[in-house]
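Reading the structure
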Amino acid sequence: MTVAGRQRNDEPILHVEDLRVTFRTAAGPAPAVRGVSFDVYPGEALAIVGESGSGKSVTMLAILGLLSGASVTGSARFRGTELIGLEPSRLREIRGANVSMIFQDPMTSLNPVLSIGRQLTMVMRAHQPDLSRSGARARAVELLDRVAISQAARRCDSYPHELSGGMRQRVMIAMAISNDPEVLIADEPTTALDVTVQAQMMELLADLRRDHQLALVLITHDLGVVAGATDRIAVMYAGKVVEYGSVEALFADPGHPYTRGLLECLPRLDIRHEVQASIAGVPATPMSLPPGCPFSPRCKYAQPSCSEAEPVLAPHGQTLVACSVLTGVAGSR
Amino acid sequence: MSDVPVLQVRNLVKEFRVRERGRASVVHAVSGVSFDVMPGETLALVGESGCGKSTTGRCIVRLTEPTSGEVRFRGTDLLQLKHAELRKARRHLQIVFQDPQASLHPRLTVRQLLSEPLEVHHEPADVVGQRVEELLGLVQLRPEHLDRYPHEFSGGQRQRVGIARALAISPSMLVLDEPVSALDVSIQAEIMRLLIDLRERLGLSYLFIAHDLAVVRQLADRVAVMYLGKIVETGFADDVYGNPQHPYTRALLSAVPVPDPIVERRRQRIVLAGELPSPIDPPSGCRFRTRCWRATDRCAEEEPLLIGRNRTATGHHVACHFPGDDATPTTAQPTTEQAPADQPTAEQRLV
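Residues numbered from 1 in each chain as written. Chains lettered and ligands numbered in written order. Predicted model: local features only at pLDDT ≥ 70, side-chain atom pairs only at ≥ 80, totals over all residues. Heavy atoms only, no water.

As for the sheet that holds strand E6 (residues 99-102) of chain A
All names here are of chain A. In space, the 8 strands of this open sheet follow the order E6-E7-E8-E3-E9-E10-E12-E11, with mixed pairing throughout. The open sheet has two edge strands with one neighbour each: E6 and strand E11 (314-316). With direction set aside, neighbouring strand axes in the sheet form an average angle of 20°. Direction of pairing for E6 relative to strand E7 (residues 183-187): parallel, over a ladder of 4 bridges. Of the residues in E7, the one forming a bridge with Ser-100 is Leu-184. Here helix H11 (residues 257-264) sits on the sheet and contacts strand E9 (232-237) and strand E10 (240-246); the angle it forms with E9, its principal contact strand, is near 100°. (Pairing = 2+ DSSP bridges. Helix = DSSP H or I, 4+ residues; strand = E, 2+ residues; numbered from the N terminus. Axes fitted to C-alpha atoms, helices over the stretch in contact; angles between N-to-C directions. Contact = heavy atoms within 4.5 Å.)

Let's talk about helix H8 (residues 195-212) of chain A
Residue and element names in this part refer to chain A. Here H8 spans 25 Å end to end across 18 residues, near enough to the 26 Å set by a 1.5 Å rise per residue. Every buried residue of H8 is accounted for by Val-195, Thr-196, Val-197, Gln-198, Ala-199, Gln-200, Met-201, Met-202, Leu-204, Leu-205, Leu-208 and Arg-209. Directly beyond the C-terminal end of H8, a positive phi value near 50° is found at Gln-213. (Expected span 1.5 Å × (residues − 1). Buried < 20%, exposed > 50% of the residue type's maximum accessible area, 1.4 Å probe, protein only.)

Remarks on the nonpolar core
Counting 70 residues, the largest nonpolar core has B:Ile163, B:Leu195 and B:Phe208 as the members making the most contacts within it. Counting residues per element, this core draws most heavily on helix H7 (residues 185-202) of chain B, at 7 residues. Counting contributing residues per domain, this core is built from domain 1 (7-227) and domain 2 (254-349) of chain B, each supplying no fewer than three. Residues A:Met124, A:Ala140, A:Ile177 and A:Ala229 belong to the second largest nonpolar core, which totals 38 residues. (Core = buried A, V, L, I, M, F, W, Y, C linked by side-chain atoms within 4.5 Å. Domains from an automatic or database assignment.)

Side note on helix H7 (residues 165-176) of chain A
Residue and element names in this part refer to chain A. A rise of 1.5 Å per residue sets the reference length of H7, with its 12 residues, at 16 Å; its end C-alpha atoms lie 17 Å apart and thus fit the reference within 8%. The element H7 is extensively covered by neighbouring structure, given that 11 of its 12 residues are classed as buried. Those residues of H7 not exposed but buried are Gly-166, Met-167, Arg-168, Gln-169, Arg-170, Val-171, Met-172, Ile-173, Ala-174, Met-175 and Ala-176.

With respect to the packing of aromatic side chains
Ring pairs (aromatic) are described by centroid distance and by the angle formed between their planes. Residues and elements named next belong to chain A. A complete count under the given rule lists 6 aromatic pairs over all chains for this structure. Ring plane angle 55° and centroid distance 4.6 Å describe the contact between Tyr-237 and Tyr-258, whose orientation is recorded as tilted. Here the residue Tyr-237 occupies a position in strand E9, and Tyr-258 occupies one in helix H11, the gap between them amounting to 21 residues. A single burial state applies to Tyr-237 and to Tyr-258, both of which are buried. (Phe/Tyr/Trp six-rings, centres within 6.5 Å; stacked < 30°, edge-to-face > 60°.)

What about the layout of surface pockets?
Residue and element names in this part refer to chain B. What the second largest pocket holds in volume is close to 570 Å³. Secondary structure elements with two or more residues in the lining of the second largest pocket: helix H2 (83-90), strand E6 (93-96), helix H4 (110-120) and helix H6 (155-167). Considering every element that reaches the lining of the second largest pocket, the biggest residue donor is E6, with 4 residues. Grouping the constituent residues of the lining of the second largest pocket by class yields 11 nonpolar, 5 polar and 4 charged. (1 Å grid on protein atoms, 1.4 Å probe; cavity = no way out; pocket = protein on both sides within 12 Å on 5 of 7 lines; lining within 4 Å. Points joined across faces, edges and corners; volume = space filled by probe spheres on them. Nonpolar A, V, L, I, M, F, W, Y, C, P; charged D, E, K, R; others polar.)

Side note on empty space enclosed by the protein
Residues and elements named next belong to chain A. All chains considered together, the criterion is met by 4 cavities of 30 Å³ or more. Taken together, 15 residues make up the lining of the largest cavity; nearest its centre are Cys-293, Cys-299, Cys-306, Cys-323 and Val-325. Across the lining of the largest cavity, the residue classes break down as 12 nonpolar, 3 polar and no charged.

A look at the interface of chain B and chain A
Listed as interface residues are 40 residues of chain B and, on the opposing side, 40 residues of chain A. Summed over both sides, the interface between chain B and chain A buries roughly 3,800 Å², with carbon and sulfur atoms accounting for 56% of that surface. For the interface between chain B and chain A, the tally reads 11 residue pairs in polar contact (both at pLDDT 80 or more). Looking at the side of chain B that touches chain A, the element that brings in the most residues is H7(B), giving 6 residues. Across the side of chain B that touches chain A, the residue classes tally to 21 nonpolar, 5 polar and 14 charged. (Buried area = accessible area lost by both parts, 1.4 Å probe. Polar contact = N/O pair within 3.5 Å; in protein donor to acceptor, adjacent residues only side chain to side chain.)

Things to note about the domain arrangement of chain A
Put simply, an interface is often sized by how much accessible area is lost when its parts join up. Residue and element names in this part refer to chain A. Split into domains, chain A comes out as domain 1 (1-98 + 181-268 + 275-291) and domain 2 (111-180). Residue-level contacts link 20 residues of domain 1 with 12 residues of domain 2. Interface area, domain 1 with domain 2, both sides summed: about 1,300 Å², of which 64% is carbon and sulfur. At the boundary of domain 1 with domain 2, the tally comes to 1 salt bridge. Here Asp-211 makes a salt bridge to Arg-146, at a shortest N to O gap of 2.7 Å. One can count 5 residue pairs in polar contact (both at pLDDT 80 or more) joining domain 1 with domain 2. For the side of domain 1 that touches domain 2, the secondary-structure elements that each account for two or more residues are helix H2 (88-94) and H8. The element best represented in the side of domain 1 that touches domain 2 is H8, accounting for 9 residues. (Salt bridge = Lys/Arg side-chain N within 4 Å of Asp/Glu carboxyl O.)

Concerning the pattern of salt bridges
Applying the stated criterion across every chain yields a total of 32 salt bridges over all chains. A salt bridge links A:Arg137 to A:Asp157; the nearest nitrogen and oxygen atoms lie 2.9 Å apart. A residue pair is termed long-range when its members are at least 10 positions apart, and A:Arg137 in helix H5 (residues 133-146) and A:Asp157 in the loop between helix H6 (152-155) and H7 qualify at 20 residues. Notably, a salt bridge pairs B:Glu264 with B:Arg269, separated by 2.4 Å at the nearest N-O pair. Relative accessible area serves as the criterion here: at 8%, B:Glu264 is assigned to the buried category. Taken together, the shared-partner salt bridges connect A:Arg146, A:Asp207, A:Arg210 and A:Asp211 into one network.

Now the structure itself:
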């Protein structure tokens, strides 16, 4: 596949191809992710954008082997090592060390009965057996300081409930970078936070990326956050990437009707505009996928052929777009 | 628009008594909030978690009993009313909650949910049936939805039911407490359109409580910004958004990401340092001073009053000793990331 919005020739650090995730449910199989491919390059930031149920979180959880009871096929290679189907002990070595993840709700991801210092040292010592207890503790204080938690030495003995939402998310970030990862996956890291705290957090992530050459995969529903913080975007709908390209190209000239609709219905502060409710209906779910293009029932430009075959990603303008009407590329039946 | 406010809130105070580490203490959730809402007007009460905006909304409809103050709705002080009178007065003042999943009874059908408020207010059965169908049309739901339960709906549809329920007894004013913040962006836009529509068609006044300044901009006539239990700035939406005066308002506006990579990379942001102080022990003087890059000794000693920049009641008011742009750096050490002198003006920042 062509690399949307990339001219450089370096090797991707994370290469995902045709990833599929299907959950077994009482009502039958639920295909949550249906053939997703993307690349993450060293030091770059990729955003995976979509609304609830688009499969954006499930994609990343599947890559890290954090889904139990789902069937996962396809390929996800970290520096050449295939992660899908990798034995759990090998996967554990990579996860939390080379590739780490932060989640939306830091309250449910932190252990409420352990001090944050203890949780930080546990993560480090799991991956660095040579690290002494006191060495880990010193490093934990250093990390808390790095994520701008004041009085880090004292805070080290605090419990999660004693911290504000923003501070808890800082602790999560400290934990995620404690083993110097190359890829940081952030799943809606600021959704639960206030806007001024969100600004603090996005600035921290940008600093860390610059200082540690971190590659960032930002999973979010918020195109506003994406605009300033990432290099490329994959827009997901109903378990598929429907548009893929550089941030500049995608905002300047969005191709897919879904991307366009999303941008149109975004409220903005900087310009006064009437927000359009431009996407009618409700998102398709894995249990109720329409035939052909999953977006066609909500699409203003849908034609009869749209419900016959599912479009594939093909070049349109400067992005890759999964829309047969736009690209003229016939879909797969 | 008539000149008599439909809602007048004066010096509203809500204190919660709590025990903190065994000691009795007082949470100062709302500390003397005053504002007016004119007929047909939308006032947006904005602020971040813990600023007291939702408590203010709940105090106004008396779902939470305020500690003191006055809430004059159509001339009557709601806080003086006995239960039966309050119920009558609330016919005209209803509230819509953030999470319709939590505020709609899961075992009642839409028909029952919409009939309930009408029955509470003793409407005859034939009127109820007719009104329920009318309401459904008003929020653009279909007749076949009537006999379904809340869990059978999407979040957006459920919020439509929540709105219909609030509208059942034809109120003249709605308190909307974060009505779209639990929804996906595309659904959010639909509900906002609906609210704008209903306001025009029914001549409603809104008190719109929200944390999202971009969402608010679409429908607010006036805006009041809250921080730690107090209003720090209020005025017409164009004034507050276009020419914010209070440092907190400026920081808040500056923190909202702009969905445009070119603008976003060029603009400078005010990133606030530190954390929200505890409402148990709020800072003396100006409550924002501990995070303000313009704060001086005066800010700790003397509480800034909400002062009008002109003399009209609905004009632009700011509670700050040093409002406006940072053209001249103050003697205070800035706690923001950039030096104050480098900060762009509001016009530059909001391109």
